[in-house]
Every structure is written in C-alpha cells, then in structure tokens.
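For reference, the chains in residue letters:
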Amino acid sequence: MKKRQIGKSDLYVSEISLGCMSLGTEEKKAKSIIDRAIDAGVNYLDTADLYDFGANEQIVGKAIQGRREDLIIGSKAGNNFTPGQEGWTWDPSKKHIKRAVKDSLQRLGTDYIDLYQLHGGTIDDPMDETIEAFDELKQDGLIREYGISSIRPNVIREYVNRSNISSVMMQYNALDRRPEEEILDLLSENDISVLARGPLAKGMLSSKGHQKAEDGFLEYSQEEILALTEKWQDYGSDARTPTALALQYVLHHPAVATAVFGASSVEQVEDNLSYLEADPLTEQIFSEIQTMTRPITYQKHRS
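Residues numbered from 1 in each chain as written. Predicted model: local features only at pLDDT ≥ 70, side-chain atom pairs only at ≥ 80, totals over all residues. Heavy atoms only, no water.

Q: Teacher, can you tell me more about helix 4 (residues 127-139) here?
A: Residues that lie three or four places apart on an α-helix share one face, since the helix turns once every 3.6 residues. Taking 1.5 Å of rise per residue, 13 residues should cover 18 Å, and helix 4 covers 18 Å from first to last C-alpha, within 8% of that figure. Of the residues making up helix 4, those classed as buried are Met 127, Thr 130, Ile 131, Ala 133, Phe 134 and Leu 137. One face of helix 4 carries all of its buried residues, which in axial projection span an arc of 155°. Away from the buried face of helix 4 by more than 90 degrees, exposed residues Asp 128 and Gln 139 are located. In this fold, the buried residues of helix 4 make contact with helix 3 (94-108), strand 8 (113-119), strand 9 (143-149) and helix 5 (153-162). (Helix = DSSP H or I, 4+ residues; strand = E, 2+ residues; numbered from the N terminus. Expected span 1.5 Å × (residues − 1). Buried < 20%, exposed > 50% of the residue type's maximum accessible area, 1.4 Å probe, protein only. Arc of directions from axis to C-beta. Contact = heavy atoms within 4.5 Å.)

Right, here's the structure in full:
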C-alpha cells in the first residue's frame, strides 16, 4: 500500500487507515478487524482515550503486541473522564494532557505514541498552555508528533500560526466538502497534513450506501440524499467500487495524508480494501463528483 508523509515529520502512513472507534468491546472480533487491515498494508491505527472510556486503547494495545514497531499509532486527549463513570468534561490543560498521555501509554502497552492529538478544542482554550504540554511531551520522547482533531476553522488557524502541529484530523468527504472552502489549501501551504475521518459519510458513500441514506445530511434534504446515494452507486463498476471512489475523492487533495475509515466487521474492512484494486481517479470523474455534490459552508455549520 502506498504511504504518505504526515507534515514534515518522519511518519509515513498508509493512504487508507483504520479508525478504531467502531471496533466495539468484543476483543476477539476487534482483533480480527485490526489483523485484516494490517495484513492488507494498513499501518496507521487511530484511537482515543475517550473511546469506550479507555477500553478501545486497551484492545488496540493487545492487538498490536509483537508488531508495534511496524505501525503508526495515533491517540487523543482533552476529555477528562473517570473509567466506570458516565460523562466527561473538556479539559485542555497542561496538567490533564500530561496525566492523560501516561494513562494512554499504559493502556496501549507502549512507551511512546506516534501521533498524539488534541481531541477537540475551542477558541477560548488556554492554547499556549496546551501547545506547551504537547511540545514537552515530544521533547520527553513520549510522543513523536502532535496534532489536533477539529473542524473549527478559527481553532485550526490558531494552531497553524502558534504551534508545531503536524496534522489536523477532520471530517471530509464528497458530501461534506467544508474543508475545501478554506482549510485544505491553508494546511497544504504550511506542510500540515489532514487525516480525513468519515470519508464514507456515515456509510452513505459506501458500496451499501443505498441502505444507509439518512433523513438528511448537513444542507442536503432527505430527497437529495436518496438521489445522491442512488447516483453514487451508479459509479460502481469493475474499475472501482463506490467505496473506493469515496476514498479516492478525499485523497485527491495533496493536503490529505490518509483516509481514516471506521469498521465494525471484517466485511467492512474488505469493502474499504477495494480501494487497492481501483483504477486511478481521473480528473473527469473528480469534476463530475464536484458537479453532482455541492460545497457546504462553515458559516452555516460551525461547531
């Protein structure tokens, strides 16, 4: 599988990667999903301390034993919670981040995290303190690189200007084209990579998209979504599956390092792996997709 560099770092990740949030808590099943992805060449696994309140990190940690050095592991912090208790609070403080990384390292069974990310962020956060925490963790060798997970343009701009982030994780797909509005080019110009989560738009752009159509999506009405998912399926052919097309779309922009797909079954992993057999995406088809869909503005959907 081809790999792409994250920012200016020494981290090179597979073009498609596994988001672990949907693995579930059945250890054997989760391991089979991870094993299939790794066997196919996926080398980036993305988790977070908040996923199943730490259980997800533990499952990932057990699954990667014996092959840690061959993988790039990403996790996240910023949500303060107590395992076994419901709820959590936003806490981007230096004290919390430094405590959280130690907990994550223990759960993952490793002595370093390749890519540590702030799991959210607001414009009112104590950003200098947060950035200092990540810089010190990097200096201490507990993390190799750091980034943020955010779709807030104002927050992203601040981190671009004030920090040494290597990446930004954000939702990006052919139905949610907000990053194209003002973020992708900015990050590309600053050698900061995008980890594109949700590339299949909650499954609506997958090979079973007609079964996943929602009541609506962002500015799309239910009627529009039904028509779009039906048309998307028409692109399925021997050349590329609808799922492969969705992944190719987000990887088209040079700022995107990897498309992070989620999977709750080996079957879903296999569907995403159809990307590996797909014919290259042509500029003509890319243009047709942009004509078929439409840009969504951040102004109406800031969060």
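Now that the structure has been shown, the text picks up again.
Q: Just to check I follow, could you spell out the nonpolar core for this structure?
A: Counting 84 residues, the largest nonpolar core has Ile 16, Leu 18, Leu 45, Tyr 116, Leu 175 and Leu 187 as its most contacted members. When residues of this core are assigned to their parent elements, the largest contribution, seven residues, is made by helix 9 (residues 242-251). Counting residues in each nonpolar core, the second largest holds 10 residues, with Ile 6, Leu 115, Leu 195 and Ala 257 among its members. (Core = buried A, V, L, I, M, F, W, Y, C linked by side-chain atoms within 4.5 Å.)

Q: Sorry if this is basic, but what is going on with the packing of helix 4 against helix 5 here?
A: The description of two helices packed together rests on the angle between their axes and the distance between the axes. With their axes 11 Å apart at the nearest point, helix 4 and helix 5 run at an angle of 55° to one another. When the axis of helix 4 is compared with that of helix 5, the two are oblique. Note that helix 4 runs across helix 5; the crossing there is right-handed. Every residue of helix 5 that contacts helix 4 at Met 127, Asp 128, Thr 130 and Ile 131 is listed here: Val 155, Glu 158, Tyr 159 and Arg 162. Taken together, the residues of the contact of helix 4 with helix 5 break down into four nonpolar, one polar and three charged. (Axes fitted to C-alpha atoms, helices over the stretch in contact; angles between N-to-C directions. Parallel < 35°, antiparallel > 145°, perpendicular 65-115°, else oblique. Left-handed = near helix turned anticlockwise from the far one by under 90°. Nonpolar A, V, L, I, M, F, W, Y, C, P; charged D, E, K, R; others polar.)

Q: Sorry if this is basic, but what is going on with the layout of surface pockets here?
A: Which parts of space are left empty comes out when a probe the size of a water molecule is rolled across the atoms. Reported here for the largest pocket is a volume of approximately 1100 Å³. For the largest pocket, the lining is made up of 40 residues, of which Met 21, Ser 22, Gly 198, Lys 202 and Gly 262 are closest to its centre. Mapped by element, the contributors of at least two residues to the lining of the largest pocket are strand 10 (167-171), strand 12 (256-262) and helix 10 (266-273). In terms of residues, the lining of the largest pocket owes the most to one element, helix 10, which gives four residues. Residue composition of the lining of the largest pocket, grouped by class: 12 nonpolar, 19 polar and nine charged. Put simply, the second largest pocket is a space of about 280 Å³. If you trace the second largest pocket, you find 13 residues lining it, with Lys 2, Glu 15, Gln 248, Tyr 275 and Pro 280 closest to the centre. Each residue belonging to the lining of the second largest pocket can be placed in one class, and the counts come to seven nonpolar, two polar and four charged. (1 Å grid on protein atoms, 1.4 Å probe; cavity = no way out; pocket = protein on both sides within 12 Å on 5 of 7 lines; lining within 4 Å. Points joined across faces, edges and corners; volume = space filled by probe spheres on them.)

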